[in-house]
There are 2 protein chains.
Amino acid sequence: MPKQKNTKQKIIDAAIELIAKQGYRGASVRKIAAAVGIRESAIYNHFRNKEEILKQIISEIFVTPFEFKDLEEKAKKGKSFLHQFVVAYKLISFDKKKEKLFRVLMIELFQNKGLRESFLQEFHQKDIQQLSKALFIMMQEGLIRSGDPMFMAQEFLAPLFYIRLQVSLLRIDSKSTAPIATQFEKHADFFWESVAL
Amino acid sequence: MPKQKNTKQKIIDAAIELIAKQGYRGASVRKIAAAVGIRESAIYNHFRNKEEILKQIISEIFVTPFEFKDLEEKAKKGKSFLHQFVVAYKLISFDKKKEKLFRVLMIELFQNKGLRESFLQEFHQKDIQQLSKALFIMMQEGLIRSGDPMFMAQEFLAPLFYIRLQVSLLRIDSKSTAPIATQFEKHADFFWESVAL
DNA sequence: CCTACCGATCGGTAGG
DNA sequence: CCTACCGATCGGTAGG
(Lines give C-alpha, C1' and ligand atoms only; values in the text may rest on other atoms or scores of the structure.)
Protein backbone atom coordinates (compact mmCIF):
# COMPACT_ATOMS: atom_id res chain seq x y z
CA MET A 1 0.00 0.00 0.00
CA PRO A 2 2.15 2.93 -1.07
CA LYS A 3 0.69 5.96 0.60
CA GLN A 4 -0.35 8.93 -1.49
CA LYS A 5 2.71 10.96 -2.38
CA ASN A 6 2.52 14.64 -1.90
CA THR A 7 3.94 16.96 -4.49
CA LYS A 8 7.05 17.73 -2.50
CA GLN A 9 8.01 14.07 -2.36
CA LYS A 10 7.23 13.70 -6.05
CA ILE A 11 9.61 16.53 -6.79
CA ILE A 12 12.34 14.91 -4.70
CA ASP A 13 11.88 11.57 -6.39
CA ALA A 14 11.88 13.06 -9.86
CA ALA A 15 14.99 15.06 -8.99
CA ILE A 16 16.81 11.96 -7.70
CA GLU A 17 15.95 10.12 -10.89
CA LEU A 18 17.22 12.96 -13.08
CA ILE A 19 20.32 13.82 -11.08
CA ALA A 20 21.30 10.14 -10.99
CA LYS A 21 21.31 10.21 -14.77
CA GLN A 22 22.46 13.67 -15.74
CA GLY A 23 23.94 15.23 -12.64
CA TYR A 24 22.73 18.26 -10.74
CA ARG A 25 23.47 20.68 -13.56
CA GLY A 26 21.78 18.46 -16.11
CA ALA A 27 18.68 18.04 -14.00
CA SER A 28 17.02 21.33 -14.80
CA VAL A 29 14.07 22.65 -12.86
CA ARG A 30 12.05 22.40 -16.04
CA LYS A 31 12.82 18.70 -16.49
CA ILE A 32 12.01 17.97 -12.87
CA ALA A 33 8.72 19.82 -13.14
CA ALA A 34 7.84 18.03 -16.36
CA ALA A 35 8.51 14.66 -14.74
CA VAL A 36 6.16 15.55 -11.89
CA GLY A 37 3.55 16.99 -14.24
CA ILE A 38 3.57 20.58 -13.11
CA ARG A 39 5.01 23.89 -14.34
CA GLU A 40 8.49 24.86 -13.31
CA SER A 41 7.32 27.84 -11.32
CA ALA A 42 5.25 25.55 -9.10
CA ILE A 43 8.47 23.98 -7.86
CA TYR A 44 9.15 27.17 -5.98
CA ASN A 45 6.10 26.69 -3.84
CA HIS A 46 7.90 23.73 -2.27
CA PHE A 47 11.55 24.74 -2.41
CA ARG A 48 13.19 28.12 -2.12
CA ASN A 49 15.48 27.30 -5.01
CA LYS A 50 17.05 24.45 -6.92
CA GLU A 51 19.83 23.95 -4.42
CA GLU A 52 17.33 23.26 -1.64
CA ILE A 53 16.18 20.22 -3.56
CA LEU A 54 19.73 18.90 -3.71
CA LYS A 55 20.26 19.51 -0.01
CA GLN A 56 17.18 17.50 0.79
CA ILE A 57 18.39 14.65 -1.39
CA ILE A 58 21.85 14.70 0.15
CA SER A 59 20.34 14.37 3.59
CA GLU A 60 18.57 11.23 2.38
CA ILE A 61 21.83 9.67 1.24
CA PHE A 62 23.25 9.43 4.72
CA VAL A 63 20.42 7.85 6.62
CA THR A 64 22.35 5.09 8.32
CA PRO A 65 22.18 1.87 6.36
CA PHE A 66 23.47 -0.43 9.05
CA GLU A 67 22.23 -0.63 12.55
CA PHE A 68 23.09 -3.87 14.18
CA LYS A 69 21.18 -4.67 17.29
CA ASP A 70 23.03 -6.83 19.76
CA LEU A 71 26.24 -6.01 17.95
CA GLU A 72 28.37 -7.46 20.72
CA GLU A 73 26.65 -10.78 20.71
CA LYS A 74 26.66 -11.10 16.96
CA ALA A 75 30.29 -10.06 16.70
CA LYS A 76 31.26 -12.98 18.89
CA LYS A 77 30.10 -15.30 16.17
CA GLY A 78 32.93 -14.07 13.97
CA LYS A 79 32.53 -15.15 10.39
CA SER A 80 28.76 -15.28 10.43
CA PHE A 81 28.68 -11.64 11.51
CA LEU A 82 30.78 -10.65 8.53
CA HIS A 83 28.48 -12.63 6.29
CA GLN A 84 25.46 -10.89 7.75
CA PHE A 85 27.13 -7.56 7.16
CA VAL A 86 27.95 -8.40 3.58
CA VAL A 87 24.44 -9.64 2.84
CA ALA A 88 23.03 -6.38 4.20
CA TYR A 89 25.49 -4.42 2.11
CA LYS A 90 24.60 -6.43 -0.96
CA LEU A 91 20.90 -5.85 -0.47
CA ILE A 92 21.48 -2.14 -0.30
CA SER A 93 23.61 -2.26 -3.43
CA PHE A 94 20.72 -3.73 -5.35
CA ASP A 95 17.97 -1.66 -3.78
CA LYS A 96 16.50 0.60 -6.45
CA LYS A 97 16.13 3.75 -4.39
CA LYS A 98 19.45 3.31 -2.61
CA GLU A 99 21.17 2.66 -5.89
CA LYS A 100 19.90 5.94 -7.33
CA LEU A 101 21.09 7.78 -4.24
CA PHE A 102 24.46 6.08 -4.61
CA ARG A 103 24.73 7.42 -8.16
CA VAL A 104 23.83 10.91 -7.01
CA LEU A 105 26.52 10.57 -4.37
CA MET A 106 29.20 9.50 -6.81
CA ILE A 107 28.32 12.14 -9.41
CA GLU A 108 28.19 15.07 -7.03
CA LEU A 109 30.94 13.98 -4.64
CA PHE A 110 33.60 15.92 -6.48
CA GLN A 111 31.46 18.96 -7.06
CA ASN A 112 29.78 19.49 -3.71
CA LYS A 113 31.79 20.31 -0.64
CA GLY A 114 29.04 19.55 1.84
CA LEU A 115 28.54 16.14 0.28
CA ARG A 116 32.26 15.44 0.46
CA GLU A 117 32.38 16.22 4.14
CA SER A 118 29.37 14.08 4.87
CA PHE A 119 30.90 11.25 2.89
CA LEU A 120 34.22 11.38 4.71
CA GLN A 121 32.53 11.64 8.08
CA GLU A 122 29.30 9.67 7.94
CA PHE A 123 30.49 6.94 5.66
CA HIS A 124 33.40 6.41 7.98
CA GLN A 125 31.98 7.09 11.33
CA LYS A 126 28.90 4.97 10.86
CA ASP A 127 29.78 1.84 8.94
CA ILE A 128 33.44 1.73 9.88
CA GLN A 129 32.79 2.52 13.51
CA GLN A 130 30.38 -0.34 13.90
CA LEU A 131 32.52 -2.70 11.94
CA SER A 132 35.66 -1.86 13.87
CA LYS A 133 33.78 -2.37 17.10
CA ALA A 134 32.80 -5.82 15.96
CA LEU A 135 36.33 -6.61 14.83
CA PHE A 136 37.68 -5.47 18.16
CA ILE A 137 35.38 -7.88 19.93
CA MET A 138 36.52 -10.68 17.63
CA MET A 139 40.10 -9.90 18.56
CA GLN A 140 39.28 -10.02 22.23
CA GLU A 141 37.54 -13.33 21.72
CA GLY A 142 40.63 -14.66 20.00
CA LEU A 143 38.75 -15.27 16.79
CA ILE A 144 40.94 -13.13 14.56
CA ARG A 145 44.47 -11.85 14.62
CA SER A 146 45.01 -8.53 16.35
CA GLY A 147 45.63 -5.22 14.66
CA ASP A 148 44.13 -1.76 14.31
CA PRO A 149 40.36 -2.38 14.17
CA MET A 150 39.67 0.83 12.25
CA PHE A 151 42.22 -0.02 9.62
CA MET A 152 40.92 -3.56 9.35
CA ALA A 153 37.37 -2.27 9.05
CA GLN A 154 38.43 -0.17 6.10
CA GLU A 155 40.19 -3.16 4.55
CA PHE A 156 36.94 -5.05 4.85
CA LEU A 157 34.72 -2.27 3.57
CA ALA A 158 36.76 -0.94 0.64
CA PRO A 159 36.32 -3.98 -1.59
CA LEU A 160 32.59 -3.96 -0.85
CA PHE A 161 32.46 -0.36 -1.97
CA TYR A 162 34.36 -1.18 -5.13
CA ILE A 163 32.05 -4.08 -5.94
CA ARG A 164 29.06 -1.84 -5.34
CA LEU A 165 30.52 0.72 -7.71
CA GLN A 166 30.87 -1.92 -10.40
CA VAL A 167 27.36 -3.21 -9.82
CA SER A 168 26.01 0.30 -10.16
CA LEU A 169 27.89 0.91 -13.40
CA LEU A 170 26.78 -2.38 -14.92
CA ARG A 171 23.16 -1.76 -14.05
CA ILE A 172 23.07 1.60 -15.77
CA ASP A 173 23.72 -0.13 -19.04
CA SER A 174 21.50 -3.08 -18.11
CA LYS A 175 24.44 -5.44 -18.18
CA SER A 176 24.56 -8.66 -16.23
CA THR A 177 25.66 -8.34 -12.64
CA ALA A 178 25.62 -12.09 -12.02
CA PRO A 179 29.42 -12.63 -12.09
CA ILE A 180 30.16 -9.64 -9.89
CA ALA A 181 27.30 -10.18 -7.46
CA THR A 182 28.88 -13.32 -6.04
CA GLN A 183 31.98 -11.35 -5.13
CA PHE A 184 30.29 -9.89 -2.08
CA GLU A 185 30.26 -13.24 -0.33
CA LYS A 186 33.57 -14.28 -1.80
CA HIS A 187 35.09 -11.20 -0.28
CA ALA A 188 33.74 -12.06 3.16
CA ASP A 189 35.25 -15.52 2.85
CA PHE A 190 38.57 -14.20 1.64
CA PHE A 191 38.74 -11.67 4.42
CA TRP A 192 37.88 -14.23 7.02
CA GLU A 193 40.58 -16.59 5.80
CA SER A 194 42.96 -13.64 5.96
CA VAL A 195 42.37 -12.75 9.58
CA ALA A 196 41.00 -15.86 11.28
CA LEU A 197 43.20 -17.57 13.84
CA MET B 1 62.15 22.55 -20.25
CA PRO B 2 58.42 22.39 -20.92
CA LYS B 3 58.05 22.64 -24.65
CA GLN B 4 55.86 25.36 -26.08
CA LYS B 5 52.26 24.29 -25.83
CA ASN B 6 50.15 24.64 -28.87
CA THR B 7 46.64 25.99 -28.59
CA LYS B 8 45.03 22.59 -28.93
CA GLN B 9 46.91 21.27 -25.93
CA LYS B 10 46.11 24.43 -23.98
CA ILE B 11 42.43 23.86 -24.68
CA ILE B 12 42.67 20.27 -23.46
CA ASP B 13 44.46 21.28 -20.29
CA ALA B 14 42.01 24.07 -19.54
CA ALA B 15 39.13 21.69 -20.17
CA ILE B 16 40.57 19.05 -17.83
CA GLU B 17 40.98 21.66 -15.12
CA LEU B 18 37.41 22.89 -15.52
CA ILE B 19 35.74 19.52 -15.93
CA ALA B 20 37.58 18.21 -12.85
CA LYS B 21 35.95 21.00 -10.87
CA GLN B 22 32.54 21.53 -12.43
CA GLY B 23 31.89 18.51 -14.60
CA TYR B 24 31.45 18.40 -18.36
CA ARG B 25 28.21 20.35 -18.32
CA GLY B 26 29.68 22.99 -16.05
CA ALA B 27 32.76 23.42 -18.15
CA SER B 28 31.28 25.63 -20.83
CA VAL B 29 33.07 26.36 -24.07
CA ARG B 30 33.19 29.99 -23.03
CA LYS B 31 34.95 29.23 -19.75
CA ILE B 32 37.45 26.97 -21.48
CA ALA B 33 38.18 29.63 -24.08
CA ALA B 34 38.56 32.30 -21.41
CA ALA B 35 41.05 30.14 -19.53
CA VAL B 36 43.09 29.73 -22.68
CA GLY B 37 42.80 33.39 -23.57
CA ILE B 38 40.88 33.14 -26.82
CA ARG B 39 37.30 33.63 -27.97
CA GLU B 40 34.91 30.72 -27.77
CA SER B 41 34.52 30.51 -31.52
CA ALA B 42 38.24 29.88 -31.91
CA ILE B 43 37.80 26.58 -30.06
CA TYR B 44 36.03 25.26 -33.12
CA ASN B 45 39.17 25.62 -35.20
CA HIS B 46 40.64 22.81 -33.10
CA PHE B 47 37.64 20.66 -32.23
CA ARG B 48 34.51 19.93 -34.21
CA ASN B 49 32.39 20.40 -31.09
CA LYS B 50 32.51 20.31 -27.31
CA GLU B 51 32.16 16.56 -27.13
CA GLU B 52 35.32 16.06 -29.14
CA ILE B 53 37.24 17.74 -26.36
CA LEU B 54 35.83 15.30 -23.83
CA LYS B 55 36.65 12.33 -26.04
CA GLN B 56 40.25 13.45 -26.29
CA ILE B 57 40.45 13.79 -22.52
CA ILE B 58 38.88 10.39 -21.94
CA SER B 59 41.50 8.80 -24.14
CA GLU B 60 44.17 10.34 -21.92
CA ILE B 61 42.66 8.79 -18.80
CA PHE B 62 43.38 5.27 -19.89
CA VAL B 63 46.99 5.47 -20.92
CA THR B 64 48.31 2.51 -18.98
CA PRO B 65 49.72 3.56 -15.64
CA PHE B 66 51.55 0.34 -14.85
CA GLU B 67 53.91 -1.46 -17.10
CA PHE B 68 56.19 -3.74 -15.22
CA LYS B 69 59.22 -4.88 -17.10
CA ASP B 70 60.53 -8.26 -16.05
CA LEU B 71 57.23 -8.91 -14.34
CA GLU B 72 57.99 -12.59 -13.86
CA GLU B 73 61.27 -11.97 -12.15
CA LYS B 74 59.88 -9.25 -9.91
CA ALA B 75 56.84 -11.31 -9.01
CA LYS B 76 59.07 -14.03 -7.63
CA LYS B 77 60.19 -11.61 -4.94
CA GLY B 78 56.69 -11.66 -3.50
CA LYS B 79 56.14 -8.94 -0.96
CA SER B 80 58.60 -6.50 -2.46
CA PHE B 81 56.71 -6.66 -5.75
CA LEU B 82 53.49 -5.71 -4.01
CA HIS B 83 55.31 -2.86 -2.32
CA GLN B 84 56.66 -1.66 -5.64
CA PHE B 85 53.16 -1.80 -7.07
CA VAL B 86 51.72 0.15 -4.20
CA VAL B 87 54.41 2.80 -4.37
CA ALA B 88 53.74 3.27 -8.08
CA TYR B 89 50.01 3.50 -7.36
CA LYS B 90 50.61 6.01 -4.63
CA LEU B 91 52.75 8.19 -6.86
CA ILE B 92 50.01 8.26 -9.45
CA SER B 93 47.45 9.14 -6.80
CA PHE B 94 49.43 12.23 -5.89
CA ASP B 95 50.43 13.22 -9.40
CA LYS B 96 48.74 16.51 -10.26
CA LYS B 97 47.78 15.75 -13.83
CA LYS B 98 46.74 12.16 -13.07
CA GLU B 99 44.71 13.36 -10.12
CA LYS B 100 42.75 15.77 -12.29
CA LEU B 101 42.09 13.03 -14.80
CA PHE B 102 40.93 10.79 -11.95
CA ARG B 103 38.42 13.43 -10.93
CA VAL B 104 37.16 13.73 -14.49
CA LEU B 105 36.79 9.97 -14.52
CA MET B 106 34.80 9.83 -11.31
CA ILE B 107 32.55 12.74 -12.23
CA GLU B 108 31.69 11.54 -15.70
CA LEU B 109 31.67 7.80 -15.03
CA PHE B 110 27.96 7.71 -14.36
CA GLN B 111 27.05 10.02 -17.19
CA ASN B 112 29.16 8.77 -20.07
CA LYS B 113 28.64 5.30 -21.46
CA GLY B 114 31.90 5.18 -23.37
CA LEU B 115 33.80 6.11 -20.25
CA ARG B 116 32.02 3.42 -18.29
CA GLU B 117 32.95 0.75 -20.75
CA SER B 118 36.56 1.85 -20.83
CA PHE B 119 36.64 1.84 -17.06
CA LEU B 120 35.24 -1.65 -16.73
CA GLN B 121 37.54 -2.99 -19.42
CA GLU B 122 40.79 -1.06 -19.23
CA PHE B 123 40.89 -0.62 -15.52
CA HIS B 124 40.36 -4.32 -15.17
CA GLN B 125 42.23 -5.74 -18.05
CA LYS B 126 45.35 -3.70 -17.51
CA ASP B 127 46.07 -3.36 -13.82
CA ILE B 128 44.25 -6.47 -12.71
CA GLN B 129 45.64 -8.59 -15.51
CA GLN B 130 49.20 -7.75 -14.62
CA LEU B 131 48.61 -8.09 -10.95
CA SER B 132 46.89 -11.44 -11.27
CA LYS B 133 49.75 -12.65 -13.43
CA ALA B 134 52.17 -11.72 -10.68
CA LEU B 135 50.02 -13.34 -8.02
CA PHE B 136 49.80 -16.50 -10.08
CA ILE B 137 53.57 -16.67 -10.21
CA MET B 138 53.73 -16.18 -6.46
CA MET B 139 51.37 -19.11 -6.03
CA GLN B 140 53.51 -21.29 -8.24
CA GLU B 141 56.55 -20.29 -6.24
CA GLY B 142 54.77 -21.27 -3.08
CA LEU B 143 55.01 -17.76 -1.69
CA ILE B 144 51.29 -17.23 -1.16
CA ARG B 145 48.26 -19.38 -0.67
CA SER B 146 46.47 -20.47 -3.79
CA GLY B 147 43.19 -19.11 -5.07
CA ASP B 148 41.69 -17.33 -8.07
CA PRO B 149 44.40 -14.84 -9.10
CA MET B 150 41.93 -12.45 -10.73
CA PHE B 151 39.79 -12.34 -7.63
CA MET B 152 42.83 -11.85 -5.44
CA ALA B 153 44.07 -9.08 -7.69
CA GLN B 154 40.79 -7.29 -7.21
CA GLU B 155 41.01 -7.78 -3.47
CA PHE B 156 44.42 -6.17 -3.58
CA LEU B 157 43.44 -3.32 -5.87
CA ALA B 158 40.07 -2.29 -4.46
CA PRO B 159 41.39 -0.84 -1.20
CA LEU B 160 44.03 1.07 -3.17
CA PHE B 161 41.28 2.55 -5.27
CA TYR B 162 39.32 3.50 -2.19
CA ILE B 163 42.32 5.15 -0.59
CA ARG B 164 42.97 7.02 -3.82
CA LEU B 165 39.39 8.23 -3.82
CA GLN B 166 39.77 9.56 -0.30
CA VAL B 167 43.07 11.24 -1.12
CA SER B 168 41.46 12.92 -4.09
CA LEU B 169 38.52 14.16 -2.02
CA LEU B 170 40.75 15.49 0.75
CA ARG B 171 42.98 17.34 -1.68
CA ILE B 172 40.09 19.20 -3.28
CA ASP B 173 39.46 20.91 0.02
CA SER B 174 43.18 21.22 0.77
CA LYS B 175 42.87 18.94 3.77
CA SER B 176 45.74 16.92 5.14
CA THR B 177 46.33 13.60 3.45
CA ALA B 178 49.08 12.57 5.86
CA PRO B 179 47.02 10.05 7.87
CA ILE B 180 45.51 8.42 4.82
CA ALA B 181 48.68 8.43 2.73
CA THR B 182 50.35 5.84 4.93
CA GLN B 183 47.49 3.45 4.30
CA PHE B 184 48.86 2.55 0.90
CA GLU B 185 51.83 0.75 2.41
CA LYS B 186 49.82 -0.52 5.35
CA HIS B 187 47.47 -2.15 2.90
CA ALA B 188 50.32 -3.92 1.14
CA ASP B 189 51.54 -5.25 4.48
CA PHE B 190 48.08 -6.33 5.55
CA PHE B 191 47.46 -8.08 2.26
CA TRP B 192 50.79 -9.86 2.40
CA GLU B 193 50.12 -11.09 5.90
CA SER B 194 46.77 -12.31 4.65
CA VAL B 195 48.06 -14.45 1.81
CA ALA B 196 51.68 -15.28 2.62
CA LEU B 197 52.48 -18.89 3.42
C1' DC C 1 -0.88 25.64 -9.16
C1' DC C 2 -0.95 28.60 -13.66
C1' DT C 3 0.56 32.15 -17.57
C1' DA C 4 3.83 35.21 -18.83
C1' DC C 5 8.00 36.96 -18.59
C1' DC C 6 13.11 38.26 -17.14
C1' DG C 7 18.29 38.46 -17.93
C1' DA C 8 22.04 35.23 -18.27
C1' DT C 9 24.22 31.66 -20.37
C1' DC C 10 24.53 27.70 -23.39
C1' DG C 11 26.73 25.32 -27.94
C1' DG C 12 27.45 26.57 -32.33
C1' DT C 13 27.74 29.24 -37.05
C1' DA C 14 28.63 33.01 -40.65
C1' DG C 15 31.81 35.64 -42.53
C1' DG C 16 35.97 37.72 -42.53
C1' DC D 1 41.99 34.00 -34.51
C1' DC D 2 38.18 37.82 -34.30
C1' DT D 3 33.25 40.24 -34.18
C1' DA D 4 28.66 39.49 -34.40
C1' DC D 5 25.01 36.83 -34.08
C1' DC D 6 21.56 32.62 -33.66
C1' DG D 7 17.86 29.81 -31.22
C1' DA D 8 17.53 27.06 -27.09
C1' DT D 9 17.64 26.62 -22.41
C1' DC D 10 18.78 28.01 -17.77
C1' DG D 11 17.09 29.51 -12.67
C1' DG D 12 13.99 32.45 -10.95
C1' DT D 13 10.07 36.17 -10.28
C1' DA D 14 5.51 38.80 -10.73
C1' DG D 15 0.99 38.49 -10.32
C1' DG D 16 -2.97 36.08 -10.14
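Conventions used here
- Residues numbered from 1 in each chain as written.
- Chains lettered and ligands numbered in written order.
- Predicted model: local features only at pLDDT ≥ 70, side-chain atom pairs only at ≥ 80, totals over all residues.
- Heavy atoms only, no water.
- Helix = DSSP H or I, 4+ residues; strand = E, 2+ residues; numbered from the N terminus.
- Polar contact = N/O pair within 3.5 Å; in protein donor to acceptor, adjacent residues only side chain to side chain.
- Contact = heavy atoms within 4.5 Å.
- UniProt positions renumbered as here; feature names shortened; annotations may be inferred.
- Domains from an automatic or database assignment.
- Buried area = accessible area lost by both parts, 1.4 Å probe.
- Salt bridge = Lys/Arg side-chain N within 4 Å of Asp/Glu carboxyl O.
- Nonpolar A, V, L, I, M, F, W, Y, C, P; charged D, E, K, R; others polar.
- Expected span 1.5 Å × (residues − 1).
- Buried < 20%, exposed > 50% of the residue type's maximum accessible area, 1.4 Å probe, protein only.
- Near = heavy atom within 4 Å.

- Naming follows an unreviewed UniProt entry, where chain A appears as HTH tetR-type domain-containing protein of Hydrogenimonas cancrithermarum.

### Observations regarding the side chain of Q154(B)
Okay, step 1: Looking at where Q154(B) falls in the secondary structure, it is placed in helix α9 (residues 149-172).
Okay, step 2: Here Q183(A) takes part through its side chain, which lies 2.9 Å from a polar atom of the side chain of Q154(B).
Okay, step 3: Apart from residues lying up to four places away in sequence, Q154(B) is in contact with Y162(A), Q166(A), Q183(A), H124(B), I128(B) and P159(B).

### Structural notes on the UniProt feature "DNA-binding region" (unreviewed entry) in chain A
Okay, step 1: Within this structure's numbering, the places UniProt gives as "DNA-binding region" (unreviewed entry) are residues 28-47 of chain A.
Okay, step 2: The annotated region residues 28-47 of chain A carries 60% helix and 0% strand content, and the separation between its end C-alpha atoms amounts to 14 Å.

### Regarding the domain arrangement of chain A
All names here are of chain A.
Okay, step 1: What the domain assignment lists for chain A is domain 1 (2-56) and domain 2 (62-195).
Okay, step 2: At the interface, nine residues of domain 1 touch nine residues of domain 2.
Okay, step 3: Interface of domain 1 and domain 2: buried area, both sides summed, is about 750 Å²; carbon and sulfur atoms make up 66% of it.
Okay, step 4: Taken together, the connections running from domain 1 to domain 2 amount to one salt bridge.
Okay, step 5: The shortest N-O distance in the salt bridge between K100 and E17 comes to 2.7 Å.
Okay, step 6: The interface formed by domain 1 and domain 2 holds two residue pairs in polar contact (both at pLDDT 80 or more) in total.
Okay, step 7: At eight residues, the largest contribution of residues to the side of domain 1 that touches domain 2 is made by helix α1 (residues 7-26).
Okay, step 8: A breakdown of the residues in the side of domain 1 that touches domain 2 according to their chemical character gives five nonpolar, one polar and three charged.

### Re α9(B)
All names here are of chain B.
Okay, step 1: Compared with an ideal rise of 1.5 Å per residue, which puts 24 residues at 34 Å, α9 spans 35 Å between its outermost C-alpha atoms and is within 8% of the ideal.
Okay, step 2: Counting buried residues along α9, 21 of its 24 residues qualify, which places the element largely inside the surrounding structure.
Okay, step 3: Positive phi appears at S174, one or two residues downstream of α9, with a value of about 55°.

### Describing the interface of chain A and chain B
Okay, step 1: Taken together, the contact pairs 46 residues of chain A with 46 residues of chain B.
Okay, step 2: Among the residues chain A hides against chain B, the three largest losses belong to F110(A), Y162(A) and F190(A). Together they make up 19% of the total.
Okay, step 3: Viewed at the interface, chain B and chain A are joined by six salt bridges.
Okay, step 4: Across the chain A-chain B interface, the total number found is 14 residue pairs in polar contact (both at pLDDT 80 or more).
Okay, step 5: Broken down by element, the side of chain A that touches chain B gets its largest block of residues, 14 residues, from helix α9 (residues 149-172) of chain A.
Okay, step 6: The residue inventory of the side of chain A that touches chain B, partitioned by class, reads 21 nonpolar, 11 polar and 14 charged.

### Thoughts on the side chain of S168(A)
Okay, step 1: Within the secondary structure layout, S168(A) lies in helix α9.
Okay, step 2: Assessed through its relative accessible area of 1%, S168(A) is described here as buried.
Okay, step 3: The contact partners of S168(A), leaving out residues within four places of it in the chain, are E99(A), F102(A), R103(A) and F110(B).

### Notes on the protein's contact with DNA strand C
Okay, step 1: Around DNA strand C sit 15 residues in total, of which T7(A), R39(A), N45(A), R30(B) and K50(B) are the nearest.
Okay, step 2: Take the atoms of DNA strand C that sit within 4 Å of the protein: sugar and phosphate atoms are 49% of them.
Okay, step 3: In this structure, R30(B) approaches DNA strand C through a side-chain N or O atom, which is 2.7 Å from a base nitrogen.
Okay, step 4: Looking at the surface near DNA strand C, the elements that each hand over two or more residues are α3 (40-43) of chain A together with α2 (29-36) of chain B.

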